[in-house]
Each structure stands twice: as structure tokens, then as C-alpha cells.
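Understanding the architecture of this molecule
Okay, here's what each chain looks like letter by letter:
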Amino acid sequence: VHWFTLLATTFSFFIFLASVFYGGSRLLLIQTGWSSADDWNAFVGLSFKGTFFDGTKQYAEEKKTKAGQEKARLEMEKNVREIINTVKETRRSLNVTLSSIDYKETELKQKQELKRIAYEKYEARQITRIEYLKASLEEHVKQAEVYKEYIKLSTLYYTLSMLTQ
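A word on the overall build of the protein
A tally of regular secondary structure across the protein gives two helices and three strands. Overall, the protein shows an N-to-C arrangement of helices and strands of β-β-β-α-α. Split into buried and exposed, the 165 residues of the protein put 18% on the buried side. Pairs at least 24 apart in sequence give 53% of the contacts found in the protein among residues at least 6 apart. Counting only carbon and sulfur atoms, one obtains 59% of the accessible surface of the protein, whose full area is about 13300 Å².

Structural data, given as C-alpha cells:
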């Protein structure tokens, strides 16, 4: 009995096997007349293991991918709305701060005038030095408030410029 395996190969998902079986008394392929007898046969086989194609897995992955894309799109839209609302709020604050600066500068001019008058009265000995220093202090406090509003204005301006780039 002679058993020859011509080809056997294994991949991850299928096996291909080709075999020839000869049970005669003559030597295979060497002596003549071996092929006319009915004592040989050939076998060719192809075997699959596992799933060759899994459409449900692909469908589930595609559905998961689409759901992730939809979630990302909704998150992006939410972030865009938040940025738009922040820009609108910053613009309103910017306008309010500009108005506040105008008002505080007007108050500062009044405090400067009151300090000038207090100085003239102090020179004329109509008020004490403490009253003059009080007027001077009020002017400096108002000047600090104006500077504070300018700092707020520049912060709002830079915030707005970063959001609208």
C-alpha cells in the first residue's frame, strides 16, 4: 500500500488537502500498466474552519462606528453653541465695560476738580491738610477703579479675539 500526499496546506481559515492512494502490486509511475488497474484513487479536499464571512460582526461594528460619529457630531455642535454663547456674552460684557469706563472717567474728572479746589482752599487756609488729603485719596481711588476697568476691558478683548480666530 502506497499513500502519497501531494499537497497539504493550512491557512488560518481553510485547509486544502490532495492525496493519492495506490494499493496495486506494480510500482507507481515506474512500471507500466499501474493506471489501468482499479486499485488506486485520488482525493482532493477543501475544509473550512471558523467563519469565512461574518456579516453580523461587520454590521455591528459599522453601527457602532456610526453611533460614535453621531455622538462626536452632537458633542461638536454642543461645543460650537457654547463658544457662540460665550462670544455673545463676552461682547455684552465688553460693551458694559466700555460704558463703565466712560462713567468712571467722568467721575475721575470730577474727583480731580474736587482735589484741585481742595488744594486751593488748603493754600488759602480754608480747610485742613487732612481734608485736602481725603480729596486726594478719593481721586486716587477713582483712578484705580478706572485702571481696573481698563484691565477688565483688555481681558475681555483678548478673550473675544481668541474665541473668534
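Things to note about the confidence of the model for the protein
When pLDDT is averaged across the protein, the result is 81; 67% of the residues are at 70 or more. Taking the mean pLDDT of every element in the protein, the minimum, 45, falls on strand 1 (residues 2–10) and the maximum, 95, on helix 2 (residues 129–163). Long-range and interchain partners of residues 1–11, a stretch whose pLDDT sits below 50, account for 26 contacts in this model, where long-range means more than four residues apart.

Brief notes about helix 2
Along its 35 residues, helix 2 runs 51 Å from first to last C-alpha, staying within 8% of the 51 Å computed at 1.5 Å per residue. Of the residues making up helix 2, those classed as buried are Tyr132, Ala135, Ser136, Glu139, Lys142, Val146, Glu149, Leu153, Leu156 and Leu160.

Some details on unusual backbone geometry
Of note, the phi angle at Arg125 is positive, near 60 degrees, even though the residue is not glycine. Position of Arg125 among the secondary structure elements: in the loop between helix 1 (55–123) and helix 2.

Topic: the pattern of salt bridges
Under the definition given, this model contains eleven salt bridges. When the shortest N-O distance is used, the salt bridge between Glu82 and Lys78 registers 3.9 Å. You can see Glu82 and its partner Lys78 sitting in helix 1, four residues apart, about one turn around the helix. Its relative accessible area of 41% is what places Glu82 among the partly exposed residues. Among the charged side chains, a salt-bridge network with shared partners connects Lys104, Glu107, Lys142 and Glu145.

Each value, and the rule that gives it
The numbering scheme is per chain: residues are counted from 1 as the chain's sequence reads. Where totals are concerned, whole chains, interfaces and linings use all residues; where local detail is concerned, this predicted model gives features only for residues with pLDDT of at least 70, and gives and counts side-chain atom pairs only at 80 or more. Water and hydrogen atoms were dropped before computing side-chain values, which therefore reflect all heavy atoms in the structure. Numbering of helices and strands runs from the N terminus; a helix is a DSSP stretch of H or I covering at least four residues, while a strand is a stretch of E covering at least two. For the exposure calls, accessible area comes from a 1.4 Å probe over protein chains only, and a residue counts as buried if that area is under 20% of its type's maximum, exposed if over 50%, partly exposed in between. For this analysis, residues touch if any pair of their heavy atoms sits within 4.5 Å. Here, Shrake-Rupley sampling with a 1.4 Å probe gives the accessible areas, and only protein chains in the shown set may cover a residue. Residue-level confidence of the predictor is summarised by pLDDT, bounded by 0 at the bottom and 100 at the top. Here the expected span of a helix is defined as 1.5 Å times the quantity of residues minus one. Here, a salt bridge means any Lys or Arg side-chain nitrogen found within 4 Å of an Asp or Glu carboxyl oxygen.

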